[in-house]
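The primary structure of each chain is shown beneath.
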Amino acid sequence: MQNILFVCSANKQRSKTADDYFSEKYPELNFDSAGTNLKICHKEGTNPITEDVVQWADVIFVMEKRHKDGINKLTSENYSKKVKVLHIPDRYKYYQKELLELLDEKVEKYFY
């Protein structure tokens, strides 16, 4: 099984959408999501990024380069090779159709 992690800032819109959408679409794979803004994650009750979840993941899809930078800072760049930047800006709502289309286009090719 492949472990796939999606990361955005707050784990509310983009990464949470990706986690929920692909979990339903590919039940044979393991998905999780997290946010790099620890204050917002704690305030909103969403998943903050941790080194444990970064270790768990076989591949990490981040929405923006700043999320990769945050993971690299947290983990001393130990997992940089498994991080892929999707370049999806923070202008989409949870499960928004256009976000789902972008995720399909940018991510699915990595699953098999």
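Residues numbered from 1 in each chain as written. Predicted model: local features only at pLDDT ≥ 70, side-chain atom pairs only at ≥ 80, totals over all residues. Heavy atoms only, no water.

### A look at the pattern of salt bridges
Once the charged atoms of two side chains with opposite charge are near each other, the side chains can pair. Across all of its chains, the model carries 9 salt bridges by this definition. Measuring nitrogen to oxygen at the nearest pair gives 2.7 Å for the salt bridge that ties Glu64 to Arg14. Within this pair, whereas Glu64 is found in the loop between strand E3 (59–62) and helix H4 (65–75), its partner Arg14 is found in helix H1 (residues 14–25), the two being separated by 50 residues in sequence. By relative accessible area, Glu64 is classed as buried at 18%. Using a relative accessible area of 1% as the deciding quantity, one classes Arg14 as buried. A salt bridge links Arg14 to Asp90, with the nearest nitrogen and oxygen atoms 3.8 Å apart. One end of the pair, Arg14, is in helix H1; the other, Asp90, is in the loop between strand E4 (83–85) and helix H5 (97–107), with 76 residues separating them in the sequence. (Salt bridge = Lys/Arg side-chain N within 4 Å of Asp/Glu carboxyl O. Helix = DSSP H or I, 4+ residues; strand = E, 2+ residues; numbered from the N terminus. Buried < 20%, exposed > 50% of the residue type's maximum accessible area, 1.4 Å probe, protein only.)

### Quick notes on the pairing of strand E1 (residues 3–8)
Here E1 lies mainly inside the structure; 6 of its 6 residues are buried. Side chains Asn3, Leu5 and Val7 project from E1 onto one buried face, and the interleaved Ile4, Phe6 and Cys8 project onto a second face that is buried too. Taken together, E1, H1 and strand E2 (residues 30–35) form a β-α-β motif whose crossover is right-handed. (Right-handed = clockwise from strand over helix to strand, strands pointing away.)

### Some remarks on the sheet that holds E4
Spatially, 4 strands are ordered E2-E1-E3-E4 in an open sheet, and the strand pairing comes out parallel. Here the strands that pair on one side only, and so sit at the sheet edges, are E2 and E4. Neighbour-to-neighbour, the strand axes of this sheet turn through a mean angle of 25°, independent of strand direction. Of the strand pairs in this sheet, E1 and E3 are connected by 4 bridges, and their pairing is parallel. When the bridges of E3 are listed, Val7 appears paired with Val62. (Pairing = 2+ DSSP bridges. Axes fitted to C-alpha atoms, helices over the stretch in contact; angles between N-to-C directions.)

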